[in-house]
Amino acid sequence: MNDTKTRPELPDRLSGNSRSPHHVAEIFEHEIGIIFNGKERFDVEEYCISEGWIMVPAGKALDRRGQPLLMKRKGTVEAFYR
C-alpha cells in the first residue's frame, strides 16, 4: 500500500486529548504506536520521550468532567508510525 501523504514528524510530547496544548490533530490522521519499557501499549493518553513518561487511565475512575483519571508511568518511551 503506497501512502502518498508524507507523515509529520512525531513530536517529543504528544497528547490524545484535543483540549491539551500538546495535541496535534495532523498526527492522529495516521496510526501511532507506543513502546513503553520494551512492550507495546495501546492505552496511552499522553507521552513525553525526553522525560521518559506516559500517562495511562487509572482503571475506570473518572474526574468530575467525565474524563478518565490518569497515572504517570516512568520508563523508556518510543513512538512510531504503524
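Refer to the structure above for everything that follows.
About the thresholds
- Residues numbered from 1 in each chain as written.
- Predicted model: local features only at pLDDT ≥ 70, side-chain atom pairs only at ≥ 80, totals over all residues.
- Heavy atoms only, no water.
- Helix = DSSP H or I, 4+ residues; strand = E, 2+ residues; numbered from the N terminus.
- Buried < 20%, exposed > 50% of the residue type's maximum accessible area, 1.4 Å probe, protein only.
- Pairing = 2+ DSSP bridges.
- Axes fitted to C-alpha atoms, helices over the stretch in contact; angles between N-to-C directions.

Here the focus is unusual backbone geometry. Of note in the backbone geometry, Asn37 takes a positive phi value of approximately 55 degrees without being a glycine. Locating Asn37 in the fold gives a position in the loop between strand S2 (32-36) and strand S3 (39-41). Looking at Asn37, the relative accessible area reads 44%, which means it is partly exposed.

For the rest of this paragraph, the subject is the sheet that holds S2. Taken in spatial order, the 3 strands make up an open sheet running S3-S2-S7, and their pairing is antiparallel. Whereas interior strands pair on both sides, the edge strands pair on one side only; in this sheet they are S3 and strand S7 (77-81). Put simply, the sheet's adjacent strands are angled 35 degrees from each other on average, direction ignored. Relative to S3, S2 runs antiparallel, the two being bridged by 3 bridges. Within S3, the position partnered with Ile34 by the bridge is Arg41.

Right, let's get into the sheet that holds strand S6 (residues 68-74). Taken together, 4 strands build an open sheet; the order of strands is S1-S4-S5-S6 and the sheet is antiparallel. Each of the sheet's edge strands pairs with one partner strand only, and the pair in question is strand S1 (13-15) and S6. For this sheet, the mean angle separating the axes of adjacent strands, direction not counted, is 20 degrees. As paired elements, strand S4 (residues 46-48) and strand S5 (residues 53-62) share 3 bridges and run antiparallel to each other. Paired with Glu46 across the bridge in S5 is Met55.

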